[in-house]
Amino acid sequence: MLMPNNDYITSQILLSQPWLLRLAYNLTLDLDDAKDLLQETVLKILDNKNRFVQGTNFQGWSSVIMKNIFINQRRRSAKIKANDMVDKNIYDSSLHEKAADSTPENNLSAHEILSKINNCPIDHCRPFRLFLAGYSYKEIADKLSLPIGTVKSRIFTARKMLQTALTGYSK
């Protein structure tokens with residue numbers, strides 16, 4: 001006998017909660033962030049309970065929801081960090097000696113900066129991009145299976161390469 005969808009979803013959430021928390025922790029690598037992600041996921045599941053088809057894999061369905069929430073949060077975070085970096089570089093005094101000299105030709109576009117980042121050697125580009133996306137040094141080291149000192153060094157080197165590549169844009 002099938003339960004009403006509301007009761008079934010509630011019971012599945014309760015049964016899957018420990019598993020979902022482990023999945024959230026594996027994605028975020030931080031317990032507080034994992035708990036926040038779990039909470040967002042439960043809310044999304046409850047909002048979309050009418051879309052779940054009984055007899056299908058609840059954990060699979062809920063894990064897709066969680067992963068999508070996580071990816072969307074990372075994308076938002078990366079956009080904010082990229083915008084902060086662009087703003088910092090555009091208005092940094094090392095790029096513009098005087099504000100009065102600032103013209104549209106002198107300002108860097110996000111596209112130009114990203115193309116310079118993409119031209120960095122892959123060994124330095126990957127850690128730098130992950131750093132810009134909001135990952136910590138430790139998370140990057142874990143993801144790339146590198147020592148944390150190597151990650152810091154590569155990010156530092158990538159920053160220096162980027163600064164050198166962008167010096168032609170200053171007046």
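Residues numbered from 1 in each chain as written. Predicted model: local features only at pLDDT ≥ 70, side-chain atom pairs only at ≥ 80, totals over all residues. Heavy atoms only, no water.

### A look at the layout of surface pockets
Inference 1: As a volume, the second largest pocket reaches approximately 190 Å³.
Inference 2: Tallied by class, the residues present in the lining of the second largest pocket amount to two nonpolar, three polar and five charged. (1 Å grid on protein atoms, 1.4 Å probe; cavity = no way out; pocket = protein on both sides within 12 Å on 5 of 7 lines; lining within 4 Å. Points joined across faces, edges and corners; volume = space filled by probe spheres on them. Nonpolar A, V, L, I, M, F, W, Y, C, P; charged D, E, K, R; others polar.)

### What to know about the confidence of the model for the protein chain
Inference 1: Residues of the protein chain with pLDDT of at least 70 account for 70%, and the chain-wide mean is 77.
Inference 2: Summarising per-element confidence for the protein chain, the mean pLDDT is lowest in helix α4 (residues 110-118) (64) and highest in helix α2 (residues 31-47) (93).
Inference 3: Here residues 90-102 scores under 50 on pLDDT; set against residues more than four positions off or in separate chains, the count is 17 contacts. (pLDDT = per-residue confidence, 0-100. Helix = DSSP H or I, 4+ residues; strand = E, 2+ residues; numbered from the N terminus. Contact = heavy atoms within 4.5 Å.)

### Quick look at the packing of aromatic side chains
Inference 1: The tally for this structure, following the rule as stated, stands at five aromatic pairs.
Inference 2: For the ring pair Y8 and F52, a centre distance of 5.9 Å and an interplane angle of 15° mean the geometry is stacked. Taken together, the residues Y8 in helix α1 (residues 5-28) and F52 in the loop between α2 and α3 (58-91) connect sequence positions 44 residues apart. Here Y8 matches F52 in class, with each residue buried.
Inference 3: Note on F58 and W61: the rings are 6.0 Å apart at their centroids and 50° apart in plane angle, and the pair reads as tilted. Of this pair, F58 and W61 are both found in helix α3, three residues apart, which corresponds to roughly one turn of the helix.
Inference 4: Taken together, the ring pairs in this structure connect Y8, F52, F58 and W61 into an aromatic cluster. (Phe/Tyr/Trp six-rings, centres within 6.5 Å; stacked < 30°, edge-to-face > 60°. Buried < 20%, exposed > 50% of the residue type's maximum accessible area, 1.4 Å probe, protein only.)

### Examining the packing of helix α6 (residues 137-144) against helix α7 (residues 148-166)
Inference 1: Here α6 crosses α7 at 105°, and the two axes come no closer than 9 Å. Classified by the interaxial angle, the pair formed by α6 and α7 is roughly perpendicular. Along the contact surface, α6 presents Y137, K138, I140 and A141, while α7 presents I148, V151, K152, I155 and R159.
Inference 2: Partitioned by chemical class, the residues of the contact of α6 with α7 number six nonpolar, no polar and three charged. (Axes fitted to C-alpha atoms, helices over the stretch in contact; angles between N-to-C directions. Parallel < 35°, antiparallel > 145°, perpendicular 65-115°, else oblique.)

### Details of the pattern of salt bridges
Inference 1: Applying the stated criterion across every chain yields a total of two salt bridges.
Inference 2: Here E139 and R74 are joined by a salt bridge, their closest N and O atoms 3.9 Å apart. Of the two residues, E139 sits in helix α6 while R74 sits in helix α3, which places them 65 residues apart along the sequence. Each member of the pair, E139 together with R74, is buried.
Inference 3: Among the salt bridges present, the one from D142 reaches K138, with a minimum N-O distance of 3.2 Å. Of this pair, D142 and K138 both sit in helix α6, four residues apart, roughly one helical turn. (Salt bridge = Lys/Arg side-chain N within 4 Å of Asp/Glu carboxyl O.)

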